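Working through the structure, step by step
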Amino acid sequence: MTVTEPHPARPAPRFVRADGPDKVTGSGRYTADLSLTGVLAAKFRYADVSHARITRLDVSAARAMPGVMSVLTAADVPDVRFGPFVQDRTLFATDVVRFEGEIIAAVAATTAEIAQRAADAIVVEFEPLPVVTDLEASLATDAPLVHGDWADYGSAEVVVRDRNDASFSSITKGDAAAAMAGADVVVSSRYVADGCHAAPIEPRAVLAQWEGDKVTIWTSTQVPFDARAGVCETLKLPANRVRIIVPHLGGGFGGKCGFHYEAHIAALARAAKRPVRLVFSRREEFLAPDRRREGMIIDITTGMRTDGTIIARSGWIAIDNGAYTADAGFFSQLAAMHVAGPYRVPNVSIEAHLVYTNHQPSGSVRAPTAPQACWALESHTDELAKAVGLEPVAFRKLNAVDTGAEGPSGQTYDEIGLQQCIDAATANAGYGQELPDDEAIGVAIGWWPSFSVPSGAYVKIDGDGSGQIITGAQECGTGAVMTLRQLAADELGMAAEDFQLVYQDTSVAPYDMGATGSQTLFNNGRAVVNAAGQIAEQLRKLAADHLEASPDDIVLADGHASVAGTPTATVSIAELAGIASGGELLIGHGSGQPPGPPPLVGSTCVGDLGMAAFVAPQFSCHAVRVKLDRDTGVARVLAVSTAHDSGTIINELGALGQVEGGVLMGIGQALTEGTTYDDQGKQRNAAMLEYKLQTCADAPPINTHFVQIATPDAGPRGAKGLAEAPNVATAAAISNALAAIIGRPVRRLPMTAERVWETLNEEAAR
Amino acid sequence: MSLLIATTLDDALAALAAGARPIAGGTDLVVGARHGKAPLPASLVAIDRIESLRTVGRSADGGLVIGAGVSHHTIETDSTIGAEWSALADASALVGSPATRHVGTLGGNVMNGSPAMDTGAPLVVFGAEAELASGSGSRRVDMATLWVGPGRTSAAADELCVAIHLPARAPRSGSAYLRLEYRRAMEIAVVGAAASVTLTADGAVDSVRVALTAVAATIVEVTGLTGGSVADVAAAAEAAAADQATPISDLRASDRYRRHCIGVMARRAVEAAARRASGETIAIPVNRAVGIGMAAGAAS
Ligand SMILES: Cc1cc2nc3c(=O)[nH]c(=O)nc-3n(C[C@H](O)[C@H](O)[C@H](O)COP(=O)(O)OP(=O)(O)OC[C@H]3O[C@@H](n4cnc5c(N)ncnc54)[C@H](O)[C@@H]3O)c2cc1C
């Protein structure tokens, strides 16, 4: 185990991100801004029905239209079923369509209008199949199957499947049933969350061009290497013939993780023998991707002693997988962990099902499953506190995990800062003060793992002393890639401005998992520090020769290599770089060993996808002051106070941005967002007018405190992740504020004005 | 497609006579076309550069004439409108975002004829009239006869709305427009209500008019309201609004919730209008001061 000491005395640095000026002045280029000579426009023909068998598919009229250069269906691409957990997906619908956004055909034409007319001219006839939309009904043994051939599909070995249950997972520790029977107080709750969307500002775009047997694809993905792997798998190409380049990415929030339309567009471009570009409309962005946030049903029962000590927890969770499994395979285990929560619970029995429906597929959106599960658990926790007559914060302090404590899945924590987070967030919120009776402060705690995965980077310093970081990491807006310059600079005694970033190109840089799982700084930071460390060693040797000293005595600082204790014996790094350019070049490459998973004791997990043990776990507490208009149910967030243990903060400015964005997204999920479906499983609000994101005008003041403590087995300098954690606890805290005002929780998410009003009326009717 | 950019009223009217449709800010017309509501008309005449349509002026009788091309931004910041026709300023201040308010016009809002238009209910309670002009002259129509259904007006295809006429305000009058909204910008009225109140010398309600947004096929005026104490009139407005509304259920709200909330909006509109009538200043838009979308730290 390595313990990295943070720098408590030094305030966290604040620096402006390198890509900021490009983005705010408009000089930055996004995928949809690019063009190539002879480029064609792509359009898809979607199923538009939720579940049906294709009885006729005729593209001849579309193919014959002037200006149409290629039309593709399943018949025109290799017959490959793919999916990271369950291989249940094909590029184009084959026999059965399972959600409205399923792609039946793709068209490339000289203009977008012609492509659309051709897509409309494709003849498709269906025989309707029963539409599955209800999670509980879908799990019934006699439910219609979303995938009739589910048993024949390939899947990752650990995935436990049964009919419409695409991934079952459980956490069992101790004997929950026996402990519950012996408990003094038992509280059971059901909470139901609607699905919602990532809604990045940039709709998806893909541009593909072939040269010989090699294809270059510019695409708005968060995971270029994953996108490459998808193209290689579905079009049967080796990795070295597919190059993925991501221009600036206009946000993703997880929605652009995974492999999406790169293969469709590459196949169209190959068939048309011309470059092809796809640019999604906002409506397509809502309907088609397999990355929306999952709806969930959450049942929780907790047994306590009269003093409020939790002794047992059981839970049952159903998660809406939608029609295909995408990357949601691990959601069942992750949801189970979030329903267990960061509490000392000796007896645990939680089961989670990832349930097929004929909805749009779910996939990783910023902290998948966590905001909904945390909302349910933390609302339930306030019910627990009330049941034993404890004040909610005191109840959490009593039961939450701390350094040296054992968590619900049998992991014992090294030094962690959850209790400090609770103290800081509540103190900064003025928790406990007298408030008007239509206001309250709600408190919730959350957690989130750091993801330990392989990652690589090169660093080089050219003859003039300027540096480049060539990294596989992907910048999706979080600023994580931007911090890499600071890490390299610190390693080499140089300034961040001395480095340029070369990134988002799979043929140039080594592998990285992409902007997913809050992993960029954690893993790629390690790679960059390693790579820069190799150059530091080279520089020390060069300086030692030049200054006639021992390499061990050379200190790199302020752009110079100097002999320790003899400041006059010094040479600039630029000069050393000049010397190196005539001999052994200054090149470093780094990857480093990712930290292994912490041990679990005393628990068993079925369907274990590696989420029961949290590497370098992050903790948070949000305290939110809410005002409720009782007459209408409209709630307004007046102020938010957060505290986060995400280890060492490398760039405070970037970190604050992450927390503020996560909080605002959480307010939206809590109050105004949420997908509504018709009885055929089709989305009713697939447009910005009716899908209500929060706006700048809604943003409350957000106060953030970082609890920075030494974190074992973490990322560079003890940093953990931070992109997803701020999204976990906000909705839960809002729920608790509302419950405090109303007198009971609102059991549906989002807690829309109308649902709040209904809850108020139920209360009045009692 | 043809687009004529008119700089004089006569050019615009001639274009209309030849079959063109007017486009002012385009925030309904163009956005609607992009969303597939209706394709852009083949022939358009832009009226946003006709200076005479962009002025606000007093009429001889102390009323106000607002050109059809006046933007929501101008209305929300005009001190005369804010002081005397506050409900209209309340409404314009809620439209969309700053960008929408700078481009979108009063004439476009009125002539687009959406049952959710924010300026409609205020104009009704003021007894406003729309001035419609064509090559063959001009006429003034009462707002209630202008709107005939969702998206439909009684104006002929060759008629341009050139101005909205607001009668002079009686002494001790105040007005307010409130809407139910789920967020503080880029919102469409779930329901809304405007009230205009004139007080007696001892502070009771002498006369009152209330009109409702987004609870029927067009903006509707509440009938049967009479004077009395502010509390009684507000309560009567609440009951009458909920009773007379014929709301639908859609994505934004159920009919049941709309019916309840329109009562709340009507009551609050009367209360706020009465406060203003008694001389109190409540900042524009009144929504921020009375619960819906309240600002941080605002008094309840
Ligand atoms: C993001 C966004 C938010 C919005 N929010 C709101 C809101 O909160 N509340 C609200 O009420 N509206 C809202 N709207 C709708 C719109 O902005 C307003 O209705 C605006 O006042 C329309 O004015 P315009 O000048 O842009 O109209 P245009 O789009 O130019 O025209 C609208 C219609 O009126 C006709 N027309 C325009 N001027 C005249 C005239 N002088 N005589 C005859 N016919 C005419 C046009 O032919 C067209 O049919 C919003 C729109 C957007 C895009």
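Fair warning: this is a prediction, and the values are worked out from it, not measured in the lab.

1. Comments concerning the overall build of chain B
From N to C terminus, chain B includes 11 helices and 14 strands. Burial status across chain B gives 52% buried among its 300 residues. Across chain B, contacts joining residues at least 24 apart in sequence account for 61% of those joining residues at least 6 apart. Seen as two clouds, the 25 positive and the 28 negative side-chain charges of chain B have centres 6 Å apart.

2. What about the overall build of chain A?
Within chain A, the regular secondary structure consists of 18 helices and 31 strands. Rg of the C-alpha trace for chain A: 27 Å, near the compact-globule value of 27 Å for 766 residues, within the 12% margin. Each of the three principal axes of chain A carries a C-alpha extent, and together these read 85 × 75 × 50 Å. Evaluated residue by residue, chain A yields a buried proportion of 62% over its 766 residues.

3. Describing the domain arrangement of chain A
All names here are of chain A. Domain annotation for chain A reports domain 1 (31-129 + 201-251 + 257-287), domain 2 (369-451 + 612-765) and domain 3 (453-590). Distance between the C-alpha centres of domain 1 and domain 2: 38 Å. Opposite the 7 residues of domain 1 that make contact, domain 2 presents 9 residues. Approximately 700 Å² of surface area, both sides summed, lies buried where domain 1 meets domain 2, with 53% of it carried by carbon and sulfur atoms. Joining domain 1 to domain 2, the criterion identifies 0 salt bridges. Counting across the interface, domain 1 meets domain 2 through 4 residue pairs in polar contact (both at pLDDT 80 or more).

4. Remarks on the sheet that holds strand 10 (residues 160-166) of chain B
Strand pairing in a sheet is mediated by backbone hydrogen bonds. Such pairs are either parallel or antiparallel. Residue and element names in this part refer to chain B. One open sheet holds the 5 strands; their spatial order is 4-5-10-6-7, and the pairing between them is antiparallel. Each of the sheet's edge strands pairs with one partner strand only, and the pair in question is strand 4 (56-58) and strand 7 (137-142). In this sheet, neighbouring strand axes are inclined to one another by 25° on average, regardless of whether the strands run parallel or antiparallel. Judged from the 4 bridges that link them, strand 5 (residues 64-67) and strand 10 form a sheet pairing that is antiparallel. Looking at the pairing, Ile-66 lines up with Ile-164 of strand 10. Relative to the sheet, helix 1 (residues 9-17) contacts strand 6 (129-134) and strand 10, its axis offset from that of strand 10 by approximately 125°.

5. Regarding the interface of chain B and chain A
Across the contact, 30 residues belong to chain B and 26 residues belong to chain A. For the interface between chain B and chain A, the tally reads 5 salt bridges. Where Arg-267 of chain B meets Asp-631 of chain A, a salt bridge forms, and the shortest distance between an N and an O atom there is 3.0 Å. At the boundary of chain B with chain A, the tally comes to 12 residue pairs in polar contact (both at pLDDT 80 or more).

6. Focus: the side chain of Ser-409 of chain A
Residue and element names in this part refer to chain A. If you trace the backbone, Ser-409 turns up in the loop between helix 11 (392-399) and helix 12 (418-429). Judged by its relative accessible area of 0%, Ser-409 is buried. Sequence-distant contacts of Ser-409, defined by excluding residues within four places in its chain, comprise Ile-171, Lys-173, Met-337, Leu-600, Ser-603 and Ala-612.

7. As for the nonpolar core
In this structure, Ile-317, Ile-734, Leu-738 and Met-751 of chain A are the most contacted members of the largest nonpolar core, which totals 108 residues. With residues near it in sequence (within four places) discarded, Ile-734 of chain A still touches Val-624, Val-626, Val-637, Ile-667, Ala-670, Leu-671 and Met-751 of chain A.

8. So, the packing of aromatic side chains
Residues and elements named next belong to chain A. The tally for this structure, following the rule as stated, stands at 17 aromatic pairs over all chains. The interplanar angle of 55° and the centroid separation of 4.7 Å between the aromatic rings of Trp-447 and Phe-614 together place this pair among those described as tilted. With Trp-447 in strand 18 (residues 439-450) and Phe-614 in the loop between strand 26 (603-606) and strand 27 (615-629), the pair connects residues that are 167 residues apart, well separated along the chain. A single burial state applies to Trp-447 and to Phe-614, both of which are buried. Through a chain of ring-to-ring contacts, the aromatic side chains of Phe-44, Tyr-46, Tyr-261 and Phe-280 assemble into a single cluster.

9. Quick notes on the site of the ligand
All names here are of chain B. Taken together, the neighbourhood of the ligand is formed by 31 residues, with Pro-22, Gly-25, Thr-27, Asp-28 and Asp-118 sitting nearest. Note that an oxygen atom of the ligand is positioned 2.7 Å from one of the backbone N or O atoms of Gly-25. Between the ligand and the protein, one listed contact pairs an oxygen atom with a side-chain N or O atom of Thr-27 at 2.5 Å. Contact with the protein chains hides 90% of the accessible area of the ligand, taken as 980 Å² for the molecule alone. Mapped onto the shell around the ligand, the elements with two or more residues apiece are strand 2 (21-23), helix 2 (29-34), helix 7 (106-112) and strand 10.

10. Structural notes on a nonpolar patch on the surface
Residue and element names in this part refer to chain B. On the surface, a nonpolar cluster with roughly 410 Å² of combined accessible area is contributed by Met-1, Leu-3, Ile-5 and Leu-40. Examined against the element boundaries, Ile-5 turns out to sit in strand 1 (residues 2-5). Classification of Ile-5 as partly exposed rests on a relative accessible area of 42%.

11. Topic: the environment of Arg-485 of chain A
All names here are of chain A. Locating Arg-485 in the fold gives a position in helix 13 (residues 483-492). The class of Arg-485 is buried, set by a relative accessible area of 10%. Spatially, the C-alpha atoms of Arg-485 and Arg-17 are 9.7 Å apart, while their sequence positions differ by 468 residues. Ignoring any residue separated from it by four or fewer positions in sequence, one finds Arg-485 in contact with Ala-18, Ile-469, Ala-496, Glu-497, Phe-499 and Leu-501. Reaching out from Arg-485, the side chain makes a polar contact with the backbone oxygen of Ala-496 at a distance of 3.4 Å.

12. Let's talk about the pairing of strand 20 (residues 467-471) of chain A
Residues and elements named next belong to chain A. Burial analysis of strand 20 places 4 of its 5 residues in the buried class, which makes it a mostly covered element. Relative to strand 20, strand 19 (residues 457-461) runs antiparallel, the two being bridged by 5 bridges. Each residue of the ladder has a partner; that of Val-459, found in strand 20, is Ile-469. Counted along the chain from strand 19 to the antiparallel partner strand 20, the turn is 5 residues long, and its residue Gly-465 has a positive phi close to 90°.

13. Details of unusual backbone geometry
The phi angle of most residues is negative, glycine excepted, and most peptide bonds adopt the trans form. The omega torsion across Leu-749 of chain A and Pro-750 of chain A is 0°, close enough to zero to call that bond cis. Residue placement: Pro-750 of chain A occurs in the loop between strand 31 (748-749) and helix 18 (753-765). Between Ile-284 of chain B and the following residue, Pro-285 of chain B, the backbone shows a cis peptide bond with an omega angle of -10°. One can find Pro-285 of chain B in the segment after helix 11 (255-277). With a phi angle near 55°, Lys-273 of chain A is a residue other than glycine that sits in the positive phi range. Relative to the elements of secondary structure, Lys-273 of chain A occurs in the loop between helix 7 (262-272) and strand 14 (276-279). You can call Lys-273 of chain A exposed: its relative accessible area is 72%.

14. Focus: the pattern of salt bridges
Evaluation of the coordinates by the stated rule reveals 50 salt bridges over all chains. Its salt-bridge partner being Glu-378 of chain A, residue Arg-396 of chain A comes within 2.6 Å of it at the nearest N-O pair. Placement of Arg-396 of chain A in helix 11 and of Glu-378 of chain A in helix 10 (residues 370-387) is noted, with a sequence separation of 18 residues between them. Across the pair Asp-438 of chain A and Lys-627 of chain A runs a salt bridge, and its minimum N-O distance is 3.3 Å. Highlighted residues: Asp-438 of chain A in the loop between helix 12 and strand 18 and Lys-627 of chain A in strand 27, separated in sequence by 189 residues. Assigned by exposure class, Asp-438 of chain A and Lys-627 of chain A land together as buried. Residues joined by salt bridges that share partners form a network here, namely Asp-629 and Asp-631 of chain A together with Glu-238, Arg-267, Arg-268 and Glu-271 of chain B.

Conventions we followed
Residues numbered from 1 in each chain as written. Chains lettered and ligands numbered in written order. Predicted model: local features only at pLDDT ≥ 70, side-chain atom pairs only at ≥ 80, totals over all residues. Heavy atoms only, no water. Helix = DSSP H or I, 4+ residues; strand = E, 2+ residues; numbered from the N terminus. Buried < 20%, exposed > 50% of the residue type's maximum accessible area, 1.4 Å probe, protein only. Contact = heavy atoms within 4.5 Å. Lys, Arg positive; Asp, Glu negative; His and termini not counted. Charge placed at Lys NZ, Arg CZ, Asp CG, Glu CD. Rg over C-alpha atoms; globule rule 2.2 N^0.38 Å. Domains from an automatic or database assignment. Buried area = accessible area lost by both parts, 1.4 Å probe. Salt bridge = Lys/Arg side-chain N within 4 Å of Asp/Glu carboxyl O. Polar contact = N/O pair within 3.5 Å; in protein donor to acceptor, adjacent residues only side chain to side chain. Pairing = 2+ DSSP bridges. Axes fitted to C-alpha atoms, helices over the stretch in contact; angles between N-to-C directions. Core = buried A, V, L, I, M, F, W, Y, C linked by side-chain atoms within 4.5 Å. Phe/Tyr/Trp six-rings, centres within 6.5 Å; stacked < 30°, edge-to-face > 60°. Near = heavy atom within 4 Å. Areas by Shrake-Rupley, 256 points an atom, 1.4 Å probe, with all protein chains shown as cover. Patch = residues over 30% accessible without salt bridge, like charges linked within 9 Å, V, L, I, M, F, W, Y side chains within 5 Å.

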